[in-house]
Amino acid sequence: MTNPHEPTGARAREAGLRVIHTLIELIAHLLILAGLLVGIKVLETFVHKLWDQDYLFFNWIKLKYIFDGADLVILVCFLGWGVYYLVSAYVKKPE
Amino acid sequence: MSSLMLKFLSRLYTLFKFYSTMALLGAIAGIVIGIVEGKPLVLIAAFLVVSAATMMVLLSAQSHRRPQRSHGLPCERPPILPESLMIVSLPSEVADDIIGDLKDEFDHLRSKYGRSSAVTWYTIQSWTVFIKAVAFHCGLSFGKSLTSESRR
């Protein structure tokens with residue numbers, strides 16, 4: 001993290017760079033997350049239009065489960081992996 | 001500025017690959033949950049099949065086991081199941097070489113990065129070799145790279 005013996009200006013600059021890196025990382029994650037979630041939703045709507053609502057594969061597996069599973073795993077990964085990378089981006093010394 | 005943009009785009013691509021893979025895994029998990037919810041017996045059947053296959057592989061490997069080579073390093077066994085899969089699937093003329101090479105690399109990685117990294121690497125390598133060996137037995141073309149694996 002920041003060295004307490006550095007001058008205040010340099011420390012403030014380093015802290016600013018860390019925040020910018022974290023924001024860039026956050027924006028990248030949110031962009032991809034939003035893109036994928038919208039993509040999945042569009043695909044789901046399209047498939048539901050093609051077939052009936054609550055289409056059952058082989059009269060067995062609900063189509064909704066597949067899309068819900070994909071959404072859920074993406075969100076859980078964002079909460080775990082995404083937060084870890086945001087913290088890493090902040091902790092990493094800026095070049 | 002352009003290098004920053006390139007870095008950002010490359011990061012976006014990496015994240016896209018990761019999250020898409022996770023979405024795919026989530027979809028597969030959805031299918032599995034759907035199947036299990038519809039017919040819970042499938043879960044028990046899958047468990048039995050996997051257990052039986054694992055036991056068969058371990059027993060078969062036990063009967064084909066070759067004497068261990070001794071190395072200068074303090075010896076620790078690689079994971080048993082991946083090694084057994086290779087013993088069972090590989091042709092006998094290349095099995096010793098491939099397993100010996102992987103064991104050497106396993107010892108090297110274990111001393112350098114620790115046991116868990118070495119086990120992960122060993123497991124991935126043995127599954128790769130196993131899939132190639134099965135493909136080779138089935139006459140699939142990408143199984144031919146097995147011989148190049150043994151030459152390394």
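Residues numbered from 1 in each chain as written. Chains lettered and ligands numbered in written order. Predicted model: local features only at pLDDT ≥ 70, side-chain atom pairs only at ≥ 80, totals over all residues. Heavy atoms only, no water.

Visitor: Which parts of the structure should I look at to understand the overall build of chain B?
Guide: What chain B contains, in helices and strands, is six helices and zero strands. Reading the secondary structure of chain B in the N-to-C direction produces α-α-α-α-α-α. Of the contacts made within chain B by residues no fewer than 6 positions apart, 57% connect residues no fewer than 24 positions apart. Accessible surface for chain B amounts to roughly 9800 Å². Of this, 70% is attributable to carbon and sulfur atoms. (Helix = DSSP H or I, 4+ residues; strand = E, 2+ residues; numbered from the N terminus. Contact = heavy atoms within 4.5 Å. Areas by Shrake-Rupley, 256 points an atom, 1.4 Å probe, with all protein chains shown as cover.)

Visitor: Hey, could you run me through the packing of helix α3 (residues 80-89) of chain B against helix α5 (residues 115-137) of chain B in this one?
Guide: The axes of two packed helices give the description: the angle between them and the distance between them. Residues and elements named next belong to chain B. Axis separation between α3 and α5 bottoms out at 9 Å; the angle between their running directions is 20°. Considered as vectors, α3 and α5 are oriented roughly parallel to each other. When you trace α3 past α5, the crossing you get is left-handed. Contacts between α3 and α5 pair Pro82, Glu83, Leu85, Met86 and Ser89 from the former with Tyr122, Thr123, Ser126, Trp127, Val129, Phe130, Ala133 and His137 from the latter. Of the residues contributing to the contact of α3 with α5, the split by class is eight nonpolar, four polar and one charged. (Axes fitted to C-alpha atoms, helices over the stretch in contact; angles between N-to-C directions. Parallel < 35°, antiparallel > 145°, perpendicular 65-115°, else oblique. Left-handed = near helix turned anticlockwise from the far one by under 90°. Nonpolar A, V, L, I, M, F, W, Y, C, P; charged D, E, K, R; others polar.)

Visitor: Before we go on, may I ask you to explain helix α4 (residues 92-113) of chain B in this structure?
Guide: Residues and elements named next belong to chain B. The first and last C-alpha atoms of α4 sit 31 Å apart over 22 residues, in line with the 32 Å expected at 1.5 Å per residue. Every buried residue of α4 is listed here: Val94, Ala95, Ile98, Ile99, Gly100, Leu102, Lys103, Phe106, Asp107, Leu109 and Arg110. Downstream of α4 by a residue or two, glycine 114 has a phi angle that is positive, lying close to 105°. (Expected span 1.5 Å × (residues − 1). Buried < 20%, exposed > 50% of the residue type's maximum accessible area, 1.4 Å probe, protein only.)

Visitor: Please clarify how the interface of chain B and chain A should be interpreted in this entry.
Guide: Frequently, the measure chosen for interface size is the accessible area that the parts lose on association. On the chain A side, the residues contacting the 21 residues of chain B number 24 residues. In total, about 2000 Å² of surface goes out of reach between chain B and chain A, with carbon and sulfur atoms giving 79% of it. Three residues stand out in chain B for area buried against chain A, namely Phe8(B), Arg11(B) and Tyr19(B), and they jointly supply 30% of the buried area on that side. On the surface where chain B and chain A come into contact, there are one salt bridge. Here Glu25(A) and Arg11(B) are joined by a salt bridge, their closest N and O atoms 2.6 Å apart. (Buried area = accessible area lost by both parts, 1.4 Å probe. Salt bridge = Lys/Arg side-chain N within 4 Å of Asp/Glu carboxyl O.)

Visitor: I would appreciate a short explanation of the packing of aromatic side chains in the present structure.
Guide: What describes a pair of aromatic rings is the distance from one ring centre to the other and the angle between the planes of the rings. All names here are of chain B. With the rule as written, the count across this model stands at seven aromatic pairs over all chains. On the numbers, 5.3 Å between centres and 70° between planes, the contact of phenylalanine 18 with tyrosine 19 is edge-to-face. Since its relative accessible area comes to 0%, tyrosine 19 is described here as buried. (Phe/Tyr/Trp six-rings, centres within 6.5 Å; stacked < 30°, edge-to-face > 60°.)

Visitor: Please clarify how the environment of Leu17(A) should be interpreted in this entry.
Guide: Residue position: Leu17(A) is located in helix α1 (residues 8-50). Between the C-alpha atoms of Leu17(A) and Lys93(A), which are 76 residues apart in sequence, the distance is 9.0 Å.

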